[in-house]
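Tertiary structure, described
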Amino acid sequence: MNEPGDVAVEPDGDGVEPGEDVVEPGDGDARDPGGNGSAGTADAAQDAPDSGALGRGRRVVLGVVAGAALVAVGGLLATVLVKSPAQVAAETGPPAQGLLTAEVEQRVLARTVVTRGTVVADQSVDVAPQPRAGEGAAAAVVTKLPLKAGDAVAAGQLLAEVSGRPVFALKGTLPVYRDLRPGATGDDVAQLQQALRALGHGTGADAKGVFGAGTKAALTARYRAIGYDPLPAVADGGEAVKAARQAVRTAQWAVEDASADADAGTGAGNGAGAGDGGRSGTPATGSPSAGPASGAGDGETTGDGETTGVGRTGGVGRTGGVGRTGGKSGGGEGGSGRALARARQALADARAELASVEAADGPMLPASEAVILGSFPARVSGIAGRVGGPVSGPVLTLSAGELVVETYLKDDKKQLLRAGMSVVIASEATGLDARGKVALVAGERSTGRPAGGQQPGQGGQGDAAGKGGDLGFRMVVRADRPLPPALAGQDVRLTIESASTDGQALVVPVTAVSATADGGTVVTAVGGDGTPRRIEVRVGTSGDGYVAVTPVRAGALTAGAKVVIGAAPKDGGDGQGGRDGQGGGDGQGGRDPKGTGSPRRPAE
């Protein structure tokens, strides 16, 4: 039998010449002249036993190759799955650890608080007038709204009309808490006088804080300038003044009548009297009167109507007599004098009453018709009412004064902040950076909605703030220079420096500081040879993930030294990292999310 690779031998013993084709079973013979393959068929039948042997040889070779491959795979699996106990322990143990260090810095360390706030006007006033209901008056209704949101407002300008009565703005700081009537006195009256004078309405000779005739005239002029008449302080149609004036006239007439009667009963008069010498004469000593004596006497009238006459006797004796005339001519002066005095007192009383009534009469400023703002121009920040609608709340909201930043703090931030702290105000929308100071940190929680109807910033208030819930502690930041008007209503970032070191200090990451068993604090420094040493320190201000430290032993720690802040795998295996976030491989990080081995400042 021919082995594979041997040359096929023809039946006549001749071999195939080199270069000739070997005729395989089933192939047509090229030597067949007819090309029908008959000769090839005969040869194929003759060579059939040798072809079967060739196929079996090939299968044997393939089987040997497959067996060798199986043996190789089995050996590989054995090396992977079969491990010695020492190898298993080595692979499951922790990776070799290295030290993660950071450099000691020398700089000013500041602790900062970052929050959000809203730029609002310093003063926000809700205008919700409630006019007095007169006889037969219905509920207050908005009858005119001449302004719209965003409009500027000047001092003295008409803001709205409610039930036919005006509401206008005046400059001041004291809120309106009462109706101001003629005769009133106080600081609020002085504020009204100043506001009227600023609008060009003089208050005459009125003293400061006294609502007198000059203030009445100025207030009337302001009302008429906006197209209205002021309400009278005494709503009686002037009857009280008329009655007081009539009383003065009556008293004046009484004085005139009494004065005329007194004039008629006064003056000097002479009277004559006859004396009976016999009755009144006195005989001369030692000589009795010879008979009745007659004498003529001079009469003198006194103020009480009595006339005294002195008689002279014709004889030795001198007699005196007193005669009375009819006392009517002089007795009227006493009664008319008293009547005149009483009439004059009644006139003085009537005049005083008239002065009092006239002082109380005149225009008044109802509290519902004035809105006091701290500065102008102001701005209409919102319109809530509508013409024809009832006044059930604020009709409109005004904002006045310089722009400030308002925010509301949670408890944790409120404890860190106080008035006077420096603030950096940053607007991402405009690129503005401004400096300012904390003007106010409220001690009580605020509820409801923020002032001016603004939505709160993100300084610690949640959704409840917009729904009238607990806002937190209100904080106001005032810029060192006036903020531009374009910032009104914008949300800005506030960075507040709540603490700082006194000049430059040694600072290390907070993770570098650890406590000892005796209550001290230490850092671990690493020398140039890699040897760690513990250094006792005192800690100070902390902020932004760093803390200021002072070595207990002077010079033991200097800027540029390396301190240990943690440990990291040396070989960067793919197990869990220590302080290094990626561990140099695929492990999930500790403090460094980038796997660089550098410390990351912890978030506030």
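Everything numeric here is computed off the predicted structure, so don't read it as measured data.

Overview of the overall build of the protein chain
- For the protein chain, the helix and strand inventory stands at 9 helices and 29 strands.
- The 604 residues of the protein chain split such that 33% are buried.
- A separation threshold of at least 6 residues defines the contact pool for the protein chain, and within that pool the share at least 24 residues apart is 65%.
- As displayed, the protein chain has an accessible area near 34400 Å², and 53% of this comes from carbon and sulfur atoms.

Brief notes about a negative patch on the surface
- On the surface, a cluster of negative charge is contributed by Glu256, Asp257, Asp261 and Asp263.
- Secondary-structure assignment places aspartate 263 in helix H5 (residues 239-264).
- Judged by its relative accessible area of 55%, aspartate 263 falls in the exposed class.

Structural notes on the side chain of glutamine 191
- As for its placement among the helices and strands, glutamine 191 is situated in helix H3 (residues 187-198).
- Residue glutamine 191 is classed as buried on the basis of its relative accessible area of 14%.
- For glutamine 191, the side chain forms a polar contact with the main-chain nitrogen of threonine 173, separated by 2.8 Å.
- Contacts of glutamine 191, omitting those with residues within four sequence positions, involve Lys171, Gly172, Thr173, Leu174 and Ile372.

So, the environment of glycine 156
- Note on placement: glycine 156 falls in the loop between strand S5 (152-153) and strand S6 (158-162).
- Residues glycine 156 and isoleucine 372 lie 216 residues apart in sequence; the distance between their C-alpha atoms is 10.0 Å.
- Contact partners of glycine 156, with chain neighbours within four places excluded, come to Phe168, Ala169, Leu199, Arg222 and Ile226.

Thoughts on helix H4 (residues 213-225)
- The end-to-end C-alpha separation of H4 is 19 Å, in line with the 18 Å expected for 13 residues at 1.5 Å each.
- Buried within H4 we find Gly214, Thr215, Lys216, Ala218, Leu219, Thr220, Arg222 and Tyr223.
- Residue glycine 227 follows H4 closely and has a positive phi angle near 90°.

Notes on the sheet that holds strand S7 (residues 165-171)
- The mixed open sheet is built from 4 strands, whose spatial order is S4-S6-S7-S17. Taken across any chain shown, the strands that pair with only one partner, and hence form the sheet edges, are strand S4 (142-144) and strand S17 (370-373). Going from strand to strand, the sheet's axes swing by 30° on average, the running direction of each strand aside.

Details of the packing of aromatic side chains
- Enumeration according to the criterion identifies 1 aromatic pair in this entry.
- Centre to centre, the rings of phenylalanine 168 and tyrosine 223 are 5.4 Å apart; their planes meet at 85°, and the pair counts as edge-to-face. Taken as a pair, phenylalanine 168 in strand S7 and tyrosine 223 in helix H4 lie far apart in primary sequence, 55 residues in all. By the burial criterion, phenylalanine 168 is buried, and tyrosine 223 matches it.

Comments concerning the side chain of threonine 501
- Mapped onto the elements of the fold, threonine 501 is located in the loop between strand S23 (491-500) and strand S24 (505-509).
- In this structure the side chain of threonine 501 is engaged in a polar contact, spanning 2.7 Å, whose partner is the backbone oxygen of glycine 503.
- Leaving out residues up to four positions away in the same chain, threonine 501 has contacts with Arg107, Val108, Leu109, Thr541 and Ala548.

Some words on unusual backbone geometry
- Geometrically, the link from phenylalanine 376 to proline 377 is a cis peptide bond, its omega value of 0° lying close to zero.
- Among the structural elements, proline 377 can be located in the loop between S17 and strand S18 (378-383).
- Positive phi is not limited to glycine here, since serine 163 has a value of about 55°.
- Since its relative accessible area comes to 39%, serine 163 is described here as partly exposed.

Here's the deal with the pairing of S18
- In this structure, S5 lies alongside S18, joined through 2 bridges in antiparallel fashion. Bridge pairing links valine 153 to alanine 378 in S18.

Re the packing of H3 against H4
- Interhelical geometry of H3 versus H4 gives an angle of 55° and a closest axis separation of 10 Å. As far as their axial angle goes, H4 and H3 are oblique. Crossing hand, H3 versus H4: left-handed. Contacts between H3 and H4 involve Leu192, Gln193 and Leu196 from the former and Thr215, Ala218, Leu219 and Arg222 from the latter.
- Considered class by class, the residues forming the contact of H3 with H4 number 4 nonpolar, 2 polar and 1 charged.

Regarding the environment of glutamine 252
- The topology assignment puts glutamine 252 in helix H5.
- Between the alpha carbons of glutamine 252 and arginine 351 there is a distance of 9.7 Å; along the sequence they are 99 residues apart.
- When sequence neighbours within four positions are dropped, the list of residues in contact with glutamine 252 reads Leu347 and Arg351.

Quick notes on H5
- The first and last C-alpha atoms of H5 sit 38 Å apart over 26 residues, in line with the 38 Å expected at 1.5 Å per residue.
- Taken together, the buried positions of H5 are Val241, Ala244, Val248, Ala251, Val255, Ala258 and Ala262.

Considering the pairing of strand S27 (residues 532-543)
- Pairing geometry for strand S26 (residues 521-526) and S27, over 6 bridges, is antiparallel. Bridge assignment links valine 522 to a residue of S27, and that residue is glutamate 536.
- Counting the residues that bridge the hairpin from S26 to S27 gives 5 residues, and of these glycine 530 lies at a positive phi of roughly 85°.
- With 5 bridges joining them, S27 and strand S28 (residues 546-551) adopt antiparallel strand pairing. Among the inter-strand pairings, valine 537 is bridged to a residue of S28, identified as proline 551.
- Between S27 and S28, which pair antiparallel one after the other, the connecting turn spans 2 residues, and aspartate 544 there sits at a positive phi close to 55°.

A few points about the environment of alanine 152
- Locating alanine 152 in the fold gives a position in strand S5.
- Distance in space between the C-alpha atoms of alanine 152 and arginine 379 is 4.6 Å, their sequence separation being 227 residues.
- Contact partners of alanine 152, with chain neighbours within four places excluded, come to Gln157 and Ala378.

Cut-off values and rules
Residues numbered from 1 in each chain as written. Predicted model: local features only at pLDDT ≥ 70, side-chain atom pairs only at ≥ 80, totals over all residues. Heavy atoms only, no water. Helix = DSSP H or I, 4+ residues; strand = E, 2+ residues; numbered from the N terminus. Buried < 20%, exposed > 50% of the residue type's maximum accessible area, 1.4 Å probe, protein only. Contact = heavy atoms within 4.5 Å. Areas by Shrake-Rupley, 256 points an atom, 1.4 Å probe, with all protein chains shown as cover. Patch = residues over 30% accessible without salt bridge, like charges linked within 9 Å, V, L, I, M, F, W, Y side chains within 5 Å. Salt bridge = Lys/Arg side-chain N within 4 Å of Asp/Glu carboxyl O. Lys, Arg positive; Asp, Glu negative; His and termini not counted. Charge placed at Lys NZ, Arg CZ, Asp CG, Glu CD. Polar contact = N/O pair within 3.5 Å; in protein donor to acceptor, adjacent residues only side chain to side chain. Expected span 1.5 Å × (residues − 1). Pairing = 2+ DSSP bridges. Axes fitted to C-alpha atoms, helices over the stretch in contact; angles between N-to-C directions. Phe/Tyr/Trp six-rings, centres within 6.5 Å; stacked < 30°, edge-to-face > 60°. Parallel < 35°, antiparallel > 145°, perpendicular 65-115°, else oblique. Left-handed = near helix turned anticlockwise from the far one by under 90°. Nonpolar A, V, L, I, M, F, W, Y, C, P; charged D, E, K, R; others polar.

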